[in-house]
Each structure stands twice: as structure tokens, then as C-alpha cells.
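Observations on the model geometry
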Amino acid sequence: MTYANRRVFVVVPAAGCGSRMLSDRPKQYLPLGRSGQTVLQTTVLALLDVPEIDGIYVAVSPEDEYVETLAIPAAVLRTGGKTRAETVYQTLEALSDTIADEDLVLVHDAARPFVQPQDVSNLIVRTQKGIEEGMCAGMVLAVPVWDTVKRVDEKGLLVEDVERNGLMRIATPQCFPYRQLKSALAENLETTDESSAMRDAGYAVGVVESSSRNIKLTRPQDIEDARSLTETPMKMRIGIGYDSHRLVEGRKFILGGIEIEHTLGLDGHSDADALLHAITDAVLGAARLGNIGTFFPDTDPKYKGADSAVLLKTAYEAVREAGWSVVNIDAVVVAQKPKLNPHVAAMQTRIEEILELDEGSVSIKPKTNEKLGFEGREEGVSTQAVVLLQSDCC
Ligand code: MG
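Residues numbered from 1 in each chain as written. Predicted model: local features only at pLDDT ≥ 70, side-chain atom pairs only at ≥ 80, totals over all residues. Heavy atoms only, no water.

**Regarding the sheet that holds strand β4 (residues 104–107)**
- Taken in spatial order, the seven strands make up an open sheet running β3-β2-β1-β4-β8-β5-β9, and their pairing is mixed. Each of the sheet's edge strands pairs with one partner strand only, and the pair in question is β3 (75–77) and β9 (205–209). Pairwise comparison of adjacent strand axes, ignoring direction, gives a mean angle of 30° for this sheet.
- Inspection of the sheet shows strand β1 (residues 8–13) paired to β4 by four bridges, in the parallel sense. Residue Val10 lies in a different strand from β4, and its bridge partner there is Leu106.
- Sitting on the sheet, helix α1 (residues 39–48) touches β1 and β2 (55–59), and the angle it makes with β2 is about 160°. (Pairing = 2+ DSSP bridges. Helix = DSSP H or I, 4+ residues; strand = E, 2+ residues; numbered from the N terminus. Axes fitted to C-alpha atoms, helices over the stretch in contact; angles between N-to-C directions. Contact = heavy atoms within 4.5 Å.)

**Focus: the sheet that holds strand β15 (residues 362–367)**
- The five strands lie next to each other as β13-β10-β16-β14-β15, forming an open sheet whose pairing is mixed. The sheet is open, and its two edges are formed by β13 (265–266) and β15, each paired on a single side.
- In this structure, strand β10 (residues 236–248) lies alongside strand β16 (residues 380–391), joined through eleven bridges in antiparallel fashion. Bridge pairing in β16 places Arg237 opposite Leu389.

**A closer look at the packing of aromatic side chains**
- Enumeration over the complete set of coordinates arrives at three aromatic pairs.
- Judged by centre distance (6.3 Å) and plane angle (40°), the ring pair of Phe9 and Tyr57 falls under tilted. With a gap of 48 residues between them, Phe9 in strand β1 and Tyr57 in strand β2 connect regions that are remote in the sequence.
- Look at Phe9 and you get buried, because its relative accessible area is 4%.
- Between Tyr29 and Tyr66, the aromatic rings sit 5.2 Å apart at their centres with planes inclined by 35°, giving tilted as the arrangement. (Phe/Tyr/Trp six-rings, centres within 6.5 Å; stacked < 30°, edge-to-face > 60°. Buried < 20%, exposed > 50% of the residue type's maximum accessible area, 1.4 Å probe, protein only.)

**Topic: the side chain of Glu352**
- When you line up the elements, Glu352 lands in helix α10 (residues 344–355).
- Here Glu352 sits buried without a salt bridge, and the closest side chain of opposite charge, Arg350, lies 11 Å off (N-O distance).
- In this view, Glu352 contacts Leu357, Asp358, Glu359, Gly360, Ser361 and Val362; residues no more than four positions away in its chain are not counted. (Lys, Arg positive; Asp, Glu negative; His and termini not counted. Salt bridge = Lys/Arg side-chain N within 4 Å of Asp/Glu carboxyl O.)

**Some words on the environment of Trp146**
- Turning to its location among the elements, Trp146 is positioned in the loop between β5 (138–144) and β6 (149–152).
- The exposure class assigned to Trp146 is exposed, which follows from its relative accessible area of 62%.

**Section: the coordination of the magnesium ion**
- Within the first shell, the magnesium ion binds the protein through Asp243 (OD), His245 (NE2) and His277 (ND1), at distances of 2.1 to 2.2 Å.
- Sequence positions of the donors to the magnesium ion reduce to the motif D-x1-H-x31-H.
- Judged by relative accessible area, which is 16%, Asp243 ranks as buried.
- Classification of His245 by relative accessible area gives buried; the value is 15%. (Donors = N, O, S within 2.8 Å, 3.2 Å for Na, K, Ca; no water.)

**A look at the pattern of salt bridges**
- With the rule as written, the count across this model stands at 20 salt bridges.
- The salt bridge partner of Glu102 is Arg179, with a shortest N-O separation of 3.9 Å. Of the two residues, Glu102 sits in the loop between α2 (84–94) and β4 while Arg179 sits in helix α4 (residues 178–186), which places them 77 residues apart along the sequence.
- Take Glu102: its relative accessible area is 31%, and that puts it in the partly exposed class.
- Across the salt bridge formed by Arg219 and Asp222, the nearest N and O atoms sit 2.7 Å from each other.
- According to the relative accessible area criterion, Arg219 is partly exposed, its value standing at 48%.
- A cluster of three or more residues bridged by salt bridges with shared partners is formed by Arg84, Asp109, Arg112, Glu194 and Lys216.

**Remarks on α1**
- Burial analysis of α1 places eight of its ten residues in the buried class, which makes it a mostly covered element.
- The set of residues buried in α1 consists of Val39, Leu40, Gln41, Thr42, Thr43, Val44, Ala46 and Leu47.

**Observations concerning the nonpolar core**
- Counting 47 residues, the largest nonpolar core has Leu255, Leu275, Ile329 and Ile351 as its most contacted members.
- Where this core is concerned, the elements lending two or more residues are β11 (253–255), β12 (258–260), α7 (274–286), α9 (308–321), β14 (324–334), α10, β15 and β16.
- With nine residues, α7 is the largest single contributor of residues to this core.
- Counting residues in each nonpolar core, the second largest holds 31 residues, with Leu106, Val115, Cys136 and Cys175 among its members. (Core = buried A, V, L, I, M, F, W, Y, C linked by side-chain atoms within 4.5 Å.)

Written as C-alpha cells, this is what we have:
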């Protein structure tokens, strides 16, 4: 049989309880990163990116309570045993009708989610070649030791320098033919890795250098470190808006989505709500979707007398569709009269309602402008708004 005819399967033993993680659940079920994917899911997804693999089997404990609640794109077998070797052995035994004697089996730790697919491909190809050439029975991924290595006694004192030349940290996957691995494990159910069982059974085992990212998550700190590796910083964008409208007789004074009692009203094509217009511009600007004029041209008779709350809502729908949502809004209104302080709470609440934001997301600060400028002369009202958007995707 030539190596090209061997199929390749992966067994992921995931029956351990991970007591060193000091967690309420086994480490393979701890979440990694903001996506909420668990360690086990991330590991399986990495293996799915290896084109040479024909099937992935995750082996869990018969009592496992978590696996059913996760979407795992692999076959799950309840073949877990008391030791890792027993789990792998029982899984291989359960697959005796599926996997042929000469097919290759990769055993990969559930707690190594950062294995590089290219390294796994390389391991498979090199193992096939090594077997064909009679060099070894299988191979494992391993990382060279770069640090100085010393032995420490029970008191915590250095007692011996260890020559680092030729030292490797053994990782996974470990890749062997099905029949040889199963018989080697049957003789050695206490072993902590497959390569030891294979060597004890008299087989030569080779190594393929692995990326040093292929770490095993063992302690609580490892999970923290891994999360900082996987989390992309949250994307945020900021937008600014400005508007002003003239004060005239015979119009309602509408600002911040509410009607306020006053002798004059704001003049404009729509209801002339200068505050909602500034916020609309800020929201659109932050998402780089243009401005209120390009969205709702005032040459369009459709918008004559339009409710600015509807315009803001419509603009924000486009922003939401582009994958952004408002974190908070801060605004300034410059008006000599009417007095706006008594209406601030109602305006804030109304804007939060229009945009369906959490309470406390909107802040409005009225200013009088000390009788200076058009606002101070009561000829008009101006507004400014700043908005922060966050991306929904990360
Ligand atoms: Mg306007």
C-alpha cells in the first residue's frame, strides 16, 4: 500500500476534568474570546482547516453534561475512560469498523486550540513519507526548547543544568497508523502521550517542528493569555453633527423629539428639530453614510413637514444594517429662549426611545450663549452632537 492510499482521522480526547484550571467546568468547555467559542470548538475548527483530514472524532466522558449544548462540527463519541490513553484506546476500539489498520490516526489535545493547520498538514505528509521510507512508525509535533533548562529540587533550589541541545517540548497532534497505535496503547493505558506508548512498544517516532503558538492551556493564567491573543480590539467610530434653524412666529417649537411651549417656533422644510438633525448627521457621519441632506433631500416634497424622529430612526436603521450601533450621544443646544433645562430629561428619554438605546445613553446640555450671536439675539437655535458607534461584529 502506498501512503497516498491511507486515510487520515483525528481523535480529540476531551474526557478530562482539567483540575489544574480551578474552574467549575472542564477546561475544554471554557470560553475563549468575545465570540464565546469554547476551547474545544476552537480546536476542532482549526482541525477542519486541514485538507488532508477525512474525519474528526471528539471523545468525551459518558457523563459529560456540556457537549450537547455546543455546536461542534465533529462526531462526538462517549468513549472517555479513566486516563487519556484509555480514552484514546476506547475510541479507536469503537471506530474499528470505520478506520482501516493502515490508516493514520492523529491524536490531538482538546486544550491546544492554536494548532496551526499548516503544521498539521506538514505532520501528515512527513509521517506518510517517514513510514514509506522505513524511517519511523509515526511522528509528533514538537517545539524546540530555546530557554535555558535547569533542574530544581523540592526546596526550590537549582541543582543541575540540563543541556538544552536536542531537547524538544512534545506537543500534539501525534500521528501513527491505527493498528500499531491501538496495540501500543493496549499495553500502556497509563501513558500520558501516545509517542511514549509507541516507543515502549519498540517503534521509532520522529518529530516535526511545530509553531510555538501551539500551546496547551493548563492553568487559569493560560486561558487569560489565550483570550488576549484571540480578542480583536472592539472597533469604534465617532461622529459629529451640527445644525441651526431660524426662530419664527407661527411655528411649533419642536426640539429633541418633543414639543415645547414657546412664542416662536423653528422654521424649516421638516418639523425643523435642530437637535434630532444634528444627531442624525452625527450617526450617519460616524458610519460614513453621508448626511441628512443626502438621505432626505429637502427638495423632495415627501419630507415637507416630516417628523424628524422618523428621519432619525430611518437613518439609524441604515447604520444598524452597516453593522454599527450607538454607544452614547452627547449634545449641546444653544438657545437664549425658551429655557430648556426643565425639558432635558424628557428630550433625553425621547431620543433613547427613538433609537431604542439603554437609559442613560443620551446627554443634552442647554446653553444660552450669553446673548451673543444669532442664538443670543433669539434669531435662531443651534445644536451640536457627538455620537460613538461600536461595531457589532467583534
Ligand atoms: Mg436641520
